[in-house]
Amino acid sequence: MHLTRRHFLAAATGIVASRAAGRVLAASNVAYVTPNGQGNGTSWDDAANIAALPQLIKMVGPGGIIALLAEGQYEVAEPIEISGANGAEVMIFGSSRNLGPRTARIVGTRRAWNSGKANAAQFGGNTLFVLGQNGSNLRLANLDIRNVGRVLDMSDRRAGNIVIENVAFTNIRDGIYTNDGSAISNVTIRNFSGRGFSKRPSASTAAARIGPSKTASSIAASNMATISLSASNAPIAPMACASSAALPPIASTSAAMKTNTGMAMALPAERGNANILIQNHRSWGNSDGGYDLKSEGTRLINCVSQDNKRNFRIWGGTGRNPIELQGCASIAPRDRGGVGSSHHMWLRGAEGDSRDAASVVWRNGVLSGGSTDIAIYAEGGNVAVHLVDTDTSRLPKSMKLFSATADSSKILVGSAADNGVDLVLTESPIIAVAGAHSAIPLKADGDVSRRLAEQKGDLGLDLDGATLSLDVPDGSSGGLVLLQARDSRGVPVEKELTVRVKENPLGAGAVLASAFAPAAATNAVTDAVGLNQPVLNGKASFRDGGLRFSGNDAYVEIPASANFHLDGPFAIHLRFSLDASNGTGELDVMSNWQLSSNERFRVPCGSGKRLNFARSTDGRAHDGNFIMGPQLAYERIYDVIASKAADGHIELIIDGVMAGRSPEPVEALHASPVPLRVSGRANGDATGIGTLYALEIYKGRSDLPPPTS
């Protein structure tokens, strides 16, 4: 039947009170639907069919309601387009005959599932609702939706102000679904529940999913919570999973899934989404994360995660703003098999090429019980965990509070009543050398975690705990770094650091040039390039413009630096002499070596005083990794160059004559973080006695620039 606004006006007189909507409406703004309705929807006696929802929405207009009588059940086999209206929302809700809230059941075509492994795609099922082009300002309430493939498809739609409350899903494949073309904002979900066996044939199942869709093989699970926001990369902001005083808390649950083929997560929020609020929600019994949060700007208030493998999985908080937990509890996580260990909280940190690191501030919370060895576990670097007035006294005494795979990840336990931190003490401006790597120690007037909040310019920045690394390209004009330090109260303090760039004083590629400043009052070793701070250990004397070293008694050590990771052409230049009083069969003139697993390169004299260049590309010393040179004489100055040209071969040149060449091209020398030492290795082995006159290292070039006057 074709419906027009006139049908409603003709049938409408008086006022209808809608307890479901909490407002008073003119009868012309109400449409009536029953399972067997065939009328125009102007009254219960002339009720419309549920398939007429598109026309009914237009008829009731902004602020209108469509009441689905909660008697019998609605059987739907084909998608129904629904939408809102400009200016005020349209509500579609389960209703009693007097327009009070009552749950209406809608049933689709999806086959039921009982137990065992299954491919969710093979169970089919129709799409119930498709969001129309004008999808904003829509509310769905008081519905029991069963046996559908997809509940609400918002693919390729731009919409906002969508509310879903008092809705239960059973045996579905997808719940609330978006794709990469969707842009949905201001989504609120209240008091929902879901039971089923799979979101879809996926490596993860979810009670509510917010993020890019996924595909994978079939899974096995039972009674799996399956409300899904499988959303786009466009932000969904904010999503509020909140309860009101009249509604019980949201609950998501799933049974254990003891299989390596998939993970059950009650409430995941994927990357690309932001400003999500989840309030008064409980998640329990999941075989992986109770909350799996990759989104940014996410807040959990008064939420309980219990009996999940990892009660909280935190990936977000990678920038200025951490994930926030307020009044949340983690109770007795339980290992359910599969990959990984069980924890109250697991966080992903910086690793490899990915420098993103999670951060969280947990206020007024509780961690209680569980049999895991580690309560909070950080996998990767730069993770920041702040427990502020959060009770950890209920953890087993044998449980370690925090553990991380990288030293740069840290936890701060404190209170809002702490004194906190007032100042970032890192000096500004930072002077960097063009074309080189700089390591800047970061300081504050107390214990803090750190984040790079913003940056401007062409600086290559990397944060590693309390060290800021700069890789400044040639021709750089410098830039700005906004550094954030967050204290034990969870309060951030920020400081803008200016980076100024100076030209390399020794020419392009110079990363180290030892310079000696002997004087009556002080003997010093410096780096003429200005990138490193050599340390002179023990007693030393200077003569004829050189530094006399003597193994464990006196040596020079340059702290570990990325400048000594030689991943392309390089040139190492040494001028030195050996003393006849060495008294050792093997000595190292210069080494970047600590243990056998940490070798990069060294210039040693082995048995018979034969000079050689040893290098490593995999952290091990192989017989073929030595370029052998001639036997050296005592008390004679040698000029030695080890260089690698663009063809990858390393050459050892002594006093202008090539003494040896690697038979094959050589990869990047092993980049373990160890210091560079003159006279012996950092562990004290292979020491010697002699005089150093020059030590220079160049990256990116295999030749030495002409000497400056």
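Position labels on residues start from 1 in each chain and follow its written sequence. Local features are withheld for residues below a pLDDT of 70 in this predicted model, meaning they are given only at 70 or higher, and side-chain atom pairs are given and counted only at 80 or more; totals for whole chains, interfaces and linings count all residues. Neither water nor hydrogens contribute to the side-chain values; these are computed over all heavy atoms in the structure.

For the α-helix, the turn length of 3.6 residues means that residues three or four positions removed from each other point alike. Taken together, the buried positions of helix H2 (residues 53-60) are Leu53, Leu56, Ile57, Met59 and Val60. Seen from one end, H2 has its buried residues packed into an arc of 165°, which puts them on one side. Every helix listed is a DSSP run of H or I at least four residues long, and every strand listed is a run of E at least two residues long, numbered separately from the N terminus. Two residues or fewer after H2 comes Gly61, characterised by a positive phi angle close to 70°. Relative accessibility decides the category of a residue: with a 1.4 Å probe and only protein chains considered, values under 20% of the type maximum give buried, values over 50% give exposed, and everything between is partly exposed. Here the arc refers to the set of directions running from the helix axis out to each C-beta atom.

All right, on to the side chain of Asn612 then. By the secondary structure assignment, Asn612 is in strand E51 (residues 610-615). According to the relative accessible area criterion, Asn612 is buried, its value standing at 5%. Whenever two N or O atoms come within 3.5 Å, that pair is a polar contact, provided that in protein one can donate a hydrogen and the other can accept it, and provided that, for residues adjacent in sequence, both atoms are side-chain atoms. A distance of 3.5 Å separates the side chain of Asn612 from the backbone oxygen of Arg610, its partner in a polar contact.

With antiparallel pairing, the seven strands of this open sheet are ordered in space as E44-E47-E56-E49-E50-E51-E52. Pairing within the sheet leaves two strands with one partner each, and these edge strands are strand E44 (535-538) and strand E52 (626-631). Each strand axis lies, on average, 20° off the axis of its neighbour in the sheet, ignoring direction. Whether two strands pair comes down to DSSP finding at least two bridges between them. As defined by bridge partners, E44 adjoins strand E47 (residues 554-558) across four bridges and the pair is classed as antiparallel. Note that in E47 the partner of Val535 across the bridge is Glu557. Lines fitted to C-alpha atoms define the axes here, with helix axes fitted over just the stretch in contact, and angles between the N-to-C directions of these axes take values from 0 to 180 degrees.

With that out of the way, let us pick up the packing of aromatic side chains. For this analysis, a ring pair means two rings from Phe, Tyr or Trp (six-membered ring only for Trp) whose centres lie within 6.5 Å, classed as stacked if their planes differ by under 30 degrees, edge-to-face if by over 60, and tilted for the remaining angles. Within the structure shown, the criterion is met by seven aromatic pairs. Judged by centre distance (6.1 Å) and plane angle (55°), the ring pair of Phe516 and Phe542 falls under tilted. Residue Phe516 is found in strand E42 (residues 510-516), and its partner Phe542 is found in strand E45 (residues 541-543); the two are separated by 26 residues along the sequence. Phe542 carries the same exposure label as Phe516, and that label is buried. The cationic tip of Lys294 hangs over the ring face of Trp315; the distance from NZ or CZ to the ring centre is 4.2 Å. By the criterion adopted, a ring carries a charge over it if an Arg CZ or a Lys NZ lies within 6 Å of its centre and within 35 degrees of its normal. When the ring centre of Trp346 is taken as origin, the NZ or CZ atom of Arg313, which lies over that ring, is 4.5 Å away.

With that settled, the discussion passes to the nonpolar core. Nonpolar side chains tend to gather and get buried jointly when the protein is soluble and globular. Here the nonpolar core consists of buried residues drawn from Ala, Val, Leu, Ile, Met, Phe, Trp, Tyr and Cys, with membership extended through side-chain atoms lying within 4.5 Å. Membership of the largest hydrophobic core comes to 53 residues, with the highest contact counts inside it found for Ile66, Leu68 and Ile82. Ranked by residues supplied to this core, first place goes to strand E10 (residues 138-153) with eight residues. Residue contacts for Ile82: discarding those within four places in its chain leaves Leu53, Ile57, Ile92, Phe129, Val130, Leu131, Gly132, Leu138, Leu140 and Leu152. If you look at the next biggest cluster of nonpolar residues, it comprises 47 residues, including Val511, Leu574, Val640 and Leu676. Whether two residues are in contact is decided by their heavy atoms: any pair within 4.5 Å suffices.

The buried fraction of strand E40 (residues 479-486) is high, at seven of eight residues. Pairing between strand E37 (residues 449-457) and E40: eight bridges, direction antiparallel. Across the sheet, the residue bridging to Gly457 is Gly479, located in E40.

A few words now on the sheet that holds strand E35 (residues 430-433). Strands sit in the order E35-E41-E40-E37 across an open sheet of four strands; the sheet is mixed. Each edge of the open sheet is held by one strand with a lone partner, namely E35 and E37. Averaged over all pairs of adjacent strands, the angle between strand axes in this sheet comes to 30°, irrespective of strand direction. Sheet topology note: the E40/strand E41 (residues 492-502) ladder contains eight bridges and is antiparallel. Its bridge partner being in E41, Gln484 is matched across the sheet by Glu494.

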